[in-house]
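So the chains spell out like this:
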Amino acid sequence: DPKIIQKPKYLVAVTGSEKILICEQYLGHNAMYWYRQSAKKPLEFMFSYSYQKLMDNQTASSRFQPQSSKKNHLDLQITALKPDDSATYFCASSQDPSQNTLYFGAGTRLSVL
Amino acid sequence: QQQVRQSSQSLTVWEGETAILNCSYENSAFDYFPWYQQFPGEGPALLIAIRSVSDKKEDGRFTIFFNKREKNLSLHIKDSQPGDSATYFCAAQGNNRIFFGDGTQLVVKP
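Residues numbered from 1 in each chain as written. Chains lettered and ligands numbered in written order. Predicted model: local features only at pLDDT ≥ 70, side-chain atom pairs only at ≥ 80, totals over all residues. Heavy atoms only, no water.

(A) Just the overall build of chain B, in detail. A tally of regular secondary structure across chain B gives 0 helices and 11 strands. Reading chain B from its N end, one meets helices and strands in the order β-β-β-β-β-β-β-β-β-β-β. Radius of gyration (C-alpha) of chain B: 13 Å, near the 13 Å computed for a compact globule of 110 residues. Along the first, second and third principal axes, the C-alpha atoms of chain B reach 40 × 25 × 20 Å. Counting every position in chain B, which comprises 110 residues, the buried fraction comes to 44%. Intrachain contacts of chain B at a sequence separation of at least 6 include 52% that bridge at least 24 residues. For chain B, the separation between the mean place of its 11 positive charges and that of its 12 negative charges on side chains is 7 Å. (Helix = DSSP H or I, 4+ residues; strand = E, 2+ residues; numbered from the N terminus. Rg over C-alpha atoms; globule rule 2.2 N^0.38 Å. Buried < 20%, exposed > 50% of the residue type's maximum accessible area, 1.4 Å probe, protein only. Contact = heavy atoms within 4.5 Å. Lys, Arg positive; Asp, Glu negative; His and termini not counted. Charge placed at Lys NZ, Arg CZ, Asp CG, Glu CD.)

Dropping the structure here:
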């Protein structure tokens, strides 16, 4: 059974629209992350959260907003979508920020037309 | 400035050969170096890792050789199998931050 669930697996959106990418982890971890993978940047760090608080943000655009409603949830809201946002978005978790091993979900593949 | 560099974007070897994937890093404060393996359609998964106090870590057919003075490391995959075909990410961690290289796509031909 997958321990990190990302929904949906595939997502097609039109330019200018808004989408939410869902991530839930069932590993009992306290730190969660979002990464983006594209041809331009194979594995790009976006955000880290620990105990539902933002720890680090490497995303320049405010169009990307993480949302943590529960300790094991970290969704990613993307507004005013652009074709350049097309990528696979991976959610990951670790026991806590100092823990060395990241566990990744299977990703949400976003295509913006 | 890129913190972690992988010398090859892609590498092709024959089944049974040893695949060698190279990596270098910038910050001498990094103290933990994991390698992640990613198959198409999946997220990366931890394969093997080494701490900076060691110079070698072995796990089955996978070995990391680490050179702290030169700030580089390599992943050796002995007796490569077609099932090892994947993208391998070198990473470096320190101060609660992890940096990934751009990945090496390994193809093992039968």
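Still more ground to cover, so stick around.
(B) The state of the cysteines, seen in detail. Residues and elements named next belong to chain A. Applying the stated criterion across every chain yields a total of 2 disulfides over all chains. Put simply, cysteine 23 and cysteine 91 are joined by a disulfide, and their sulfur atoms are 1.9 Å apart. An S-S torsion of about -70° defines the bridge between cysteine 23 and cysteine 91 as left-handed. Here cysteine 91 lies in strand β9 (residues 87–94) and cysteine 23 lies in strand β3 (residues 19–25), a separation of 68 residues in the sequence. (Disulfide = S-S within 2.5 Å.)

(C) Layout of the nonpolar core. In this structure, Phe33(B), Trp35(B), Leu73(B), Leu75(B), Ile77(B) and Tyr88(B) are the most contacted members of the largest nonpolar core, which totals 24 residues. Mapped onto this core, the elements with two or more residues apiece are β3 (19–25), β4 (32–38), β5 (45–51), β7 (62–67), β8 (72–77), β9 (86–94) and β11 (104–109) of chain B. With 20 residues, the next largest nonpolar core counts Leu74(A), Leu76(A), Ala87(A) and Cys91(A) among its residues. (Core = buried A, V, L, I, M, F, W, Y, C linked by side-chain atoms within 4.5 Å.)

(D) Focus on the sheet that holds strand β1 (residues 4–6) of chain B. All names here are of chain B. If you trace the 5 strands from one edge of the open sheet to the other, you get β1-β3-β8-β7-β6, paired in antiparallel fashion. Both edges of this open sheet fall to β1 and β6 (56–59), since each of them pairs with a single strand only. Ignoring strand direction, the axes of neighbouring strands in this sheet form an average angle of 15°. Pairing analysis gives 6 bridges linking β7 to β8, with the strands arranged antiparallel. Bridge pairing in β8 places asparagine 67 opposite asparagine 72. (Pairing = 2+ DSSP bridges. Axes fitted to C-alpha atoms, helices over the stretch in contact; angles between N-to-C directions.)

(E) Main features of the sheet that holds strand β1 (residues 4–7) of chain A. Residues and elements named next belong to chain A. An order of β1-β3-β8-β7 is seen for the 4 strands of this open sheet, with the pairing classed as antiparallel. Here the strands that pair on one side only, and so sit at the sheet edges, are β1 and β7 (64–67). On average, each strand axis in the sheet is tilted by 15° relative to the strand beside it, whichever way the strands run. With 4 bridges joining them, β7 and strand β8 (residues 75–78) adopt antiparallel strand pairing. Bridge assignment links proline 66 to a residue of β8, and that residue is leucine 76.

(F) Representation of the side chain of Ser93(A). Residue and element names in this part refer to chain A. Inspection of the secondary structure puts serine 93 in strand β9. Since its relative accessible area comes to 0%, serine 93 is described here as buried. A polar atom in the side chain of serine 93 sits 2.8 Å from the side chain of histidine 29. Serine 93 has contacts with Ile4, Gln25, Leu27, His29, Ala31, Met32, Tyr33, Thr101, Leu102 and Tyr103, leaving out every residue within four places of it along the chain. (Polar contact = N/O pair within 3.5 Å; in protein donor to acceptor, adjacent residues only side chain to side chain.)

(G) Summary view of the interface of chain A and chain B. Listed per partner, the contact involves 18 residues of chain A and 17 residues of chain B. Taking both partners together, chain A and chain B bury about 1,400 Å²; carbon and sulfur atoms supply 49% of that area. Of the charged contacts in the structure, one is a salt bridge between Arg97(B) and Asp56(A), with a shortest N-O distance of 3.0 Å. Applying the counting rule to chain A against chain B returns 3 residue pairs in polar contact (both at pLDDT 80 or more). Classifying every residue of the side of chain A that touches chain B by side-chain character gives 8 nonpolar, 7 polar and 3 charged. (Buried area = accessible area lost by both parts, 1.4 Å probe. Salt bridge = Lys/Arg side-chain N within 4 Å of Asp/Glu carboxyl O. Nonpolar A, V, L, I, M, F, W, Y, C, P; charged D, E, K, R; others polar.)

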